[in-house]
Amino acid sequence: MKTLMLTAAVIASPLMASAQSEGDDLTYILVSHAPDSDSWWNTVKNGIALAAEQMGVTTEYRNPPTGDLADMARIIEQATAAAPDGIITTLADYEVLSGPIRSAVDQGIDVIIMNSGSPEQARELGALMYVGQPEYDAGLAAGQRAAGDGVGSFLCVNHYISSPSSTERCQGFADGLGVDLGNQMIDAGQDPSEIKNRVLAYLNANPDTDAILTLGPTSADPTLLALDENGLAGEIYFGTFDLGENIVQGIKDGVINWGIDQQPFLQAYLPVVVLANYDRYGVLPGNNINSGPGFVTADGLEKVEQFAGEFR
């Protein structure tokens, strides 16, 4: 199994795996909102590659190179025109993406929403199901955990503020603490230097901030650099969503208190398995699938560290 997983992790552009079973020709296209620069999505790419290998189907990964959502909408339309057996897609912005997704469903293509969006939105668009993490609930659990640790104020570093799911994480955290979100969430952008500078500026202007919440490696990695620079590394309470190499090291070093693992591998892997079994045998889970949240601390890092950025 380890050899198979490592083999599947070597993915070449355009990220297609094509192990098909005899007499079968099933193709599934996964469309994400992620820009090419966001390495967090490598785990998603590995997930569909391994699922393709194991299920004997063809999978493709497509995304807008810069993360432009209008471009993503066009990619969904192009995927629909290719008439695959199924489309797996994120729903980063309902207004921009609901039209192309509904069109795919109307044309008889099975759709599964993953990672972003919600079960309610998936049902409204006619998708088979939603596979992902309930973002507000994850933020609420994180806020409750932080409140139990004595946190009363925080900075939420939102690197993807146009996505409602990202804001739900910050709002849930505030509600878990029992405080107003207010100006404790900043639009950090996605440029690492800008993120670092904006974190430094906020903490300089708000020196009594108890905690920092980041929403993934894109915002966590520059925040780690900011805390190294201002001397707060290991001194300020720090929680983050998602995992990555630097986040795992930060947890080991005691700089990050915990990471919330939404298990992106499962978000990509499970839809392929579900679609293949649905197409072949007509069987379908009776509900949506929650892939997270799960808290990762220094006590449970062995498997996470082994597969961080690859399958975790």
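Described below are features of the structure shown in this document. (Residues numbered from 1 in each chain as written. Predicted model: local features only at pLDDT ≥ 70, side-chain atom pairs only at ≥ 80, totals over all residues. Heavy atoms only, no water.)

### Here's the deal with the pairing of strand β4 (residues 86-89)
Short version of the rule: Accessibility here uses a 1.4 Å probe with only protein chains present; expressed as a share of the type maximum, an area under 20% marks a residue as buried, one over 50% as exposed, and anything in between as partly exposed. Put simply, DSSP marks the helices as runs of H or I at least four residues long and the strands as runs of E at least two long, and each gets a number from the N terminus on. Whether two strands pair comes down to DSSP finding at least two bridges between them.
Of the two faces of β4, the one holding G86 and I88 and the one holding I87 and T89 are both buried throughout. With four bridges joining them, strand β2 (residues 27-31) and β4 adopt parallel strand pairing. Paired with V31 across the strands is T89, a residue of β4. Bridge count for β4 against strand β5 (residues 110-114) is four bridges, and the pairing is parallel. Residue pairing in the sheet places T89 in a bridge with I113 of β5.

### A short note on helix α3 (residues 69-81)
For the record, the criterion: Residue count minus one, scaled by 1.5 Å, sets the expected span of a helix. Regarding the arc, it is the one traced by the directions from the helix axis to the C-beta atoms. We call two residues contacting when some pair of their heavy atoms lies within 4.5 Å.
Along its 13 residues, α3 runs 18 Å from first to last C-alpha, staying within 8% of the 18 Å computed at 1.5 Å per residue. Restricting attention to buried positions, one finds in α3 the residues L69, M72, A73, I75, I76, A79 and T80. Taken end-on, α3 shows its buried residues confined to a sector of 160°, consistent with a single buried face. The exposed residues of α3 that point more than 90 degrees off its buried face are Q78 and A81. Looking at the buried positions of α3, the neighbouring elements they touch are β2, β3 (58-62), β4 and α4 (94-106).

### Re the pairing of strand β10 (residues 237-241)
As a reminder, the rule being used: A right-handed crossover is one whose linking path, passing over the helix from the first strand to the second, runs clockwise when the strands point away from the viewer.
The element β10 is largely enclosed, with a buried count of five among its five residues. Neither face of β10 is exposed, since Y237, G239 and F241 on one face and F238 and T240 on the opposite face are all buried. Sheet topology places strand β9 (residues 211-214) next to β10; four bridges connect them, and they run parallel. Its bridge partner lying in β10, A211 is registered against Y237. For the segment spanning β9, helix α9 (residues 217-230) and β10, crossover handedness is right-handed.

### So, the packing of helix α6 (residues 135-148) against helix α7 (residues 164-177)
We apply this condition: Between the N-to-C directions of two axes lies an angle of 0 to 180 degrees, each axis being a line fitted to C-alpha atoms and, for a helix, fitted only over the stretch in contact. A clockwise turn of the near helix away from the far one marks a right-handed crossing, whereas an anticlockwise turn of less than a right angle marks a left-handed crossing. All amino acids are sorted into three groups, where Ala, Val, Leu, Ile, Met, Phe, Trp, Tyr, Cys and Pro are nonpolar, Asp, Glu, Lys and Arg are charged, and the leftover types, Gly among them, are polar.
Taken N-terminus to C-terminus, the directions of α6 and α7 make an angle of 35°; their axes are 6 Å apart at the nearest point. Crossing angle aside, the handedness with which α6 passes α7 is right-handed. Residue-level inspection shows E135, Y136, G139, L140, A142, G143, Q144, A146 and A147 of α6 in contact with α7, the latter providing S165, E168, R169, Q171, G172, F173, D175, G176 and L177. Its residues placed into classes, the contact of α6 with α7 shows seven nonpolar, seven polar and four charged.

### Quick word on the packing of aromatic side chains
Put simply, the test is: Side-chain rings of Phe, Tyr and Trp (the six-membered ring for Trp) are treated as a pair once their centres are within 6.5 Å; stacked means planes under 30 degrees apart, edge-to-face means over 60, and tilted covers the remaining angles. Two limits define a charge over a ring: the Lys NZ or Arg CZ must be within 6 Å of the ring centre, and within 35 degrees of the ring normal.
Scanning the entire structure with this criterion turns up seven aromatic pairs. Plain terms: the ring middles of Y237 and W258 are 6.3 Å apart, the flat faces sit at 70° to each other, and that makes the pair edge-to-face. Linking Y237 in strand β10 with W258 in strand β11 (residues 258-261), this pair joins segments that are 21 residues apart in sequence. For the residue pair Y237 and W258, the accessibility class agrees, reading buried in each case. Taking 6.0 Å as the distance between ring centres and 80° as the angle between the ring planes, the aromatic pair formed by F307 and F311 counts as edge-to-face. Of the two residues examined, F307 and F311, each falls in the buried class. An aromatic cluster of three or more residues is present, and its members are F265, Y269, F307 and F311. For the cation-ring pair, R145 lies above F295, with the distance from its terminal atom to the ring centre recorded as 4.7 Å.

### Comments concerning the state of the cysteines
So the rule is basically this: Disulfides are defined as pairs of cysteine sulfur atoms found within 2.5 Å of each other.
Scanning all chains against the criterion turns up one disulfide. The residue that forms a disulfide with C156 is C170, at a sulfur-sulfur distance of 2.0 Å. Every disulfide takes its handedness from the sign of the S-S torsion; for C156 and C170 that torsion is -50°, giving left-handed. In this pair, C156 is assigned in strand β7 (residues 154-158) and C170 in helix α7, connecting sequence segments 14 residues apart. Looking at C170, the relative accessible area reads 0%, which means it is buried.

### Thoughts on unusual backbone geometry
Backbone torsion omega between G292 and P293 reads 10°, so that peptide bond is classified as cis. As for its position among the elements, P293 is in the loop between β12 (289-290) and β13 (294-296).

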